[in-house]
Every structure is written in structure tokens, then in C-alpha cells.
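Understanding the architecture of this molecule
Now for the letters of each chain:
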Amino acid sequence: MKRYINLYKAFVKQSVMSAIAYKSDFIVWSIVSIGWFIFNIVFYNLLYSNVSTINGWTKPDMFLFQGFYFIIDFYIWGVLWQNMKALPLKVNSGALDMDLIKPVNQRFFLAFRIFRWNNFNSFLLGIAIIIYAIISGGMRITISGIVLSIFSLIFSFILIYALWFSSMCVVFFVGRINNIQHFFPGFRQFWKVPQHFYSGLVRVGLTYIVPITLVTTVPAQFLLNQKDLILLGVLIVASLISLKISKIIFNFSIKKYSGASA
Amino acid sequence: MKNNLKKYQEIIKISIKTSLQYRVEMFLWLIIDIIPMLSMVVLWIAVYSQSQVISGYSLEQMLSYYIIGYFVRSIISVHIEEYWVEEIRKGNISFVLLKPFSFKAFSIMEEIAWKFINIIMVTIPIIIIATQVVDIFYLPSFIQILTLLTSFLIGFAIDAIFSFFVVAGGFIFNQAHSLSHLKWMLIWILSGAMIPYELMPVWLKNISIALPFQHVYNTPLRLYLEPNTINHYLPTLAHSILWILTLYIALKIFWKYAIKNYSAVGN
């Protein structure tokens, strides 16, 4: 574990040089992050000028919830995106060979090798809006709430990684699929609203079968002192099962890979 | 002229065959494009549980806006930049630039082919299914159909021009995928795809109306949802044509400048 933490620190250090080299990319991503952030503020201000609550969520609650959405967006676009985008290219070109022979866990290397500071703004904006929501809403934040929130966020990250990586393994079976890296990020829209907004079978499916709505709802709820340990349990179980399944899927998929040297 | 047409005809034929071969990609775009609409529907249903009318929109009107809007976007949206930005970075675009036809025309023909197959295999079947589930569709008159087709063509042209701006950016910047996300963000926010213009703050609405993004979503959508807007379409049409000309000239200048920055193995 310590070895992988040190390795990841090295990856992050290297990425600083990349951020300095690709300044324009950093600037454009910053504009995109800030643009979406401003739009979300405008949008939810608009909604709450018409209603006082939406399925029990007040405006400060929703802004706090959006803060977690932005933090997870940083994880999607800054931590995972470049790696997931590179995978189909590596598989189709045979360049995956070089990654597979490295003396490190293959899935870790493929999913976390490249870190991008481009979207760090999303993380900062997420924290900023959470703080703003707490102050404007007069919320009482507890230490246990913060700890459980961070704890559940870790499992949110695990679930997202496992599901996205599993979906990317399709490239081992399908020759050309230029948009596969966009497939899973598209599902962000489902966790952009709280789990309580869904109803019926859709809510059941997105809570207990593929619990992607929990990645934002559970951490936000803990910070709001709405301790739902059942949903936390679902999130933990789902993320661990998904992690195991992603390992099985990858080990099965890699057998289809012929490589450049084979 | 005849030779050129024959060239592009062949490109379309090959692209149709390619799109039929890579059906998985098409199916994925369908899901990627439909999810935002679904999430907005869920959100608005939750909002309308608290209020019957919001800024003059009933729930049915709001859902019509997003569901019909999805079909408008599926017809108009252009994804050229998704593929070519990466090809430029790898230097693979060289072989296309050396061919005896315009790269832009080649890309447009490919996109039209994909769009054609997508509409036949995906959009039309979904419309048929949707008509059985929701009662928001109607058969437009002949004049409306002509106006809608014009509007779709204009929206497609504007979206394509912005795509080519991103592709041109790929010649200058090593990591140009962020430009693709910038284009996507500007279109989704300023075209009315995220929220109707009537719900926007005045400053945002004025910016959106002044810019050309309205023509890739709001204009064709209004022409369908509010048939009487056809009577006042001419000023909107003039606005769109002016923007197409302006953007086209800007693209020509930018493209000429950008391609000078391009270098690849063997060039």
C-alpha cells in the first residue's frame, strides 16, 4: 500500500511539469469548470426562486450537494479521464504491452498513471460552495459528519473507478470504438441530482442495483447530519463488489489482447 | 464540379458502410446524448411536485421542451472534433490533408453519413416509441417541415463550424480535447438546451440571443413547439445566415493560420 501511495505521489509530481507545459489546456479546462460552476449557481438560484424545497432539499442543501458533485467531477476529469481516454488507443495500437510488463498492479497503472491539474479548479470550487452553503444555511457541522462524509466519498471514488474501468474493457472485444471513454462520464448526470429526486423502479435501480446516485447523495447527507447508514452500507458493498468484478472483467478481457509483440 | 460531386458521393457511401460496421459507437452516442435529457426530466418532475407553473411553463410544457429538444440535438449535433483532434495529435491527419479533396468537406460528408444512419436506425424508432408513451408530438404542415429542415441545416452548419474551430485548435495545442469540452459547454448553456431562454436571467438570455448558439437548439425547437413562430422566422433566419457567414470567414482565417503550425513525421 505504501509503495503505491509513493508511486502515486511521483505521478502527481510529474503532472505538475505537464501542467506547466500545457498551460493553454489548463486555462481552457479552468474556463470550462468555472463556466459550469456559474451556470449551476444560476440554475439552482432560478429553481429556488420558484420553490422553497425540492423533495426536502433546501437551497443551501442543494448547493452543498453540488459541491460534492464538483469534487467528484475533479476526480473524473483530473484523476481518471486521461487514463481512460488513453486505454482504447493503447489497446488498438499495441502500446499496452509497455504498461503490462511494468512491475506494478496493471489496473492501478492503467487507471491512475496520468494525473491532470487542469480540473483542480473543480475541486476548489466544490469546497468553496460547500463552505458557502454551510455558512448561508447556518448549518451545524459535526466532526463525525465530516469524517463520515470523507469516508463515504472514498467509496464513491472506488465505485466510479470500478464501473468506469469495467466499461472501458469493452475495447478489448470491439475493434474500433472511439467514444467509449465518454460513455461512463455521461452517467454523471444521474448523480447530479440527489437520490431522493428519483422515484419508483428507477430509484430502486439507481440506489440498490447500480447505486451511482449514492456517490454524491451519501457524502452530502452525512455533512448535513442526515445519517443514513443503510445507504452508506449499500455504497460500501457496491463499491467493493464492483471493484472485484472490475478485476475479473479485466483479467478476462486481457486474454483477448494480442499486443504488438505477440 | 461533376467530378467533385462524384468524389463526395463515394465518401458518403463508404462512410455509410463504416457507420453500419461500427454500430456500437452509434449506440453509445445515443446513450450519451439521451442521459442529460433524462436527468433534466427527473429534476423538473421533482421541482414541479412543489409548484404547478414555473415562469409560465407547466410540467407538460417543460417535459416537451426537453424531450423534443433531445430529438432536435440528435439531428443537429456534430461530433467531428472528437475523432480528428486525436488524429492531429498523432499526426495521422496528414494522409487526409494530402488527398485531392477538402478535409472539411470530407469530414462533413462523413458526419452526414453517420447522421443519416443514426436518424434511420435510432432517432426515428425512438420517436415512434415516444409517440406511444407521451402525447407531445404532432405531424407538422408542409411549410413547417420546410422551415424546420432549413433550421436544422442552419443548426448543423453552425455546430459544424464550431467543431472545425476545435479541430483547428488541435493544430496549435497539443492537448486540444479541452476545447471540445468548451464547445460542448457553450452549446449546452447558451443554446437553451439546459434551461429555456424564458427562465434565464436577463443578462444570460441577452447573450444567448445575440450569439449563434440559439440556432443549434432553441430556434428549431421553437419552430416545432410554437408553430406560429414561423410567421416571424425571417429575422431569425437573417440572424443565423449573418452568423454563418461571419463564423465561416473567421474559420477560414483561423484554419489557414492553424495549419501552418502542423507538423508530422515526413512533413
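In this report, we go over the structure that sits alongside the text. (Residues numbered from 1 in each chain as written. Chains lettered and ligands numbered in written order. Predicted model: local features only at pLDDT ≥ 70, side-chain atom pairs only at ≥ 80, totals over all residues. Heavy atoms only, no water.)

**Observations concerning the overall build of chain B**
Applicable threshold: Helix and strand definitions follow DSSP, with helices as H or I runs of at least four residues and strands as E runs of at least two, each counted in order from the N terminus. Just to be clear, the radius of gyration here is over C-alpha atoms, and the globule rule we use is 2.2 Å times residues to the power 0.38. When accessible area is computed with a 1.4 Å probe and restricted to protein chains, residues below 20% of their type maximum are described as buried, those above 50% as exposed, and intermediate ones as partly exposed. Note on definitions: a residue-residue contact is assigned when non-hydrogen atoms from the two residues lie within 4.5 Å.
Counting its secondary structure elements, chain B contains 11 helices and two strands. Element order for chain B, N to C, with α for helix and β for strand: α-α-β-β-α-α-α-α-α-α-α-α-α. Against the compact-globule benchmark of 18 Å for 267 residues, chain B has a radius of gyration of 20 Å, which places it among compact chains. For chain B, the spread of C-alpha atoms along the three principal axes comes to 65 × 40 × 35 Å. Burial status across chain B gives 55% buried among its 267 residues. Within chain B, contacts between residues at least 6 apart in sequence are counted, and of these 79% link residues at least 24 apart.

**Observations regarding empty space enclosed by the protein**
Convention followed: Two kinds of site are reported from a 1 Å grid over the protein atoms alone, namely cavities, where a 1.4 Å probe fits but cannot get out, and pockets, open sets with protein on both sides within 12 Å along at least five of seven lines, and residues are called lining when an atom falls within 4 Å of a point. Grid points are joined across faces, edges and corners, and a volume is the space filled by probe spheres set on the points.
For the coordinates displayed, the defined rule picks out four cavities of 30 Å³ or more. In this structure, the largest cavity occupies an estimated 670 Å³ of space. If you go around the largest cavity, you meet 37 residues; those closest to its centre are Trp36(A), Arg188(A), His181(B), Trp184(B) and Trp188(B). Residue assignment for the lining of the largest cavity shows that the elements contributing at least two residues are helix 2 (23-48) and helix 3 (59-93) of chain A together with helix 2 (23-48), helix 3 (59-76), helix 4 (80-90) and helix 8 (177-190) of chain B. Looking at the lining of the largest cavity element by element, the count peaks at six residues for helix 8 of chain B.

**A look at the nonpolar core**
Spelled out, the test is: Joining through side-chain atoms within 4.5 Å is the link that ties buried Ala, Val, Leu, Ile, Met, Phe, Trp, Tyr and Cys residues into a set, and such a set is a nonpolar core.
Counting residues in each nonpolar core, the largest one holds 182 residues, and the members touching the most others are Leu64(A), Trp44(B) and Tyr66(B). The dominant element in this core, judged by the number of residues it contributes, is helix 3 of chain A, at 19 residues. Apart from residues lying up to four places away in sequence, Trp44(B) is in contact with Phe43(A), Leu47(A), Ile54(B), Leu59(B), Met62(B), Tyr66(B), Ile195(B) and Leu199(B).

**With respect to the interface of chain B and chain A**
Let me state the cut-off plainly: By definition, a salt bridge exists where a carboxyl oxygen of Asp or Glu is found within 4 Å of a side-chain nitrogen of Lys or Arg. Any pair of N or O atoms that falls within 3.5 Å is considered a polar contact. Within protein, one atom must be able to donate a hydrogen and the other to accept it, and sequence-neighbouring residues count only if both atoms are side-chain atoms. Three classes are used: nonpolar for Ala, Val, Leu, Ile, Met, Phe, Trp, Tyr, Cys and Pro, charged for Asp, Glu, Lys and Arg, and polar for all others, with Gly counted as polar.
Taken residue by residue, the interface counts 44 residues in chain B and 41 residues in chain A. As a salt-bridge pair, Lys85(A) and Glu86(B) come within 3.8 Å of each other at their nearest N and O atoms. Across the contact surface, chain B and chain A share four residue pairs in polar contact (both at pLDDT 80 or more). Breaking the side of chain B that touches chain A down by element, the ones donating at least two residues are helix 2, helix 4 and helix 8 of chain B. Looking at which element gives the most residues to the side of chain B that touches chain A, the answer is helix 2 of chain B, with 15 residues. The residue makeup of the side of chain B that touches chain A, split by class, is 29 nonpolar, 11 polar and four charged.

**Quick look at the side chain of Gln195(A)**
Locating Gln195(A) in the fold gives a position in the loop between helix 8 (180-183) and helix 9 (200-209). The contacts of Gln195(A), once residues within four sequence positions are left out, are Arg203(A), Thr207(A), Thr213(A), Leu214(A), Thr217(A) and Leu231(A).

**Brief notes about helix 11 (residues 229-253) of chain A**
Residues and elements named next belong to chain A. Threshold: Given the number of residues in a helix, its expected span is that number minus one, multiplied by 1.5 Å.
With 25 residues, helix 11 should cover 36 Å at 1.5 Å per step; its first-to-last C-alpha distance of 35 Å lies within 8% of that length. Listing the buried residues of helix 11 in full gives Leu231, Leu232, Val234, Leu235, Ala238, Ser239, Ser242, Ser246, Phe250 and Ser253. If you check the start of helix 11, you find a side-chain oxygen 3.3 Å away from the backbone N of Ile230, and it comes from Asp228.

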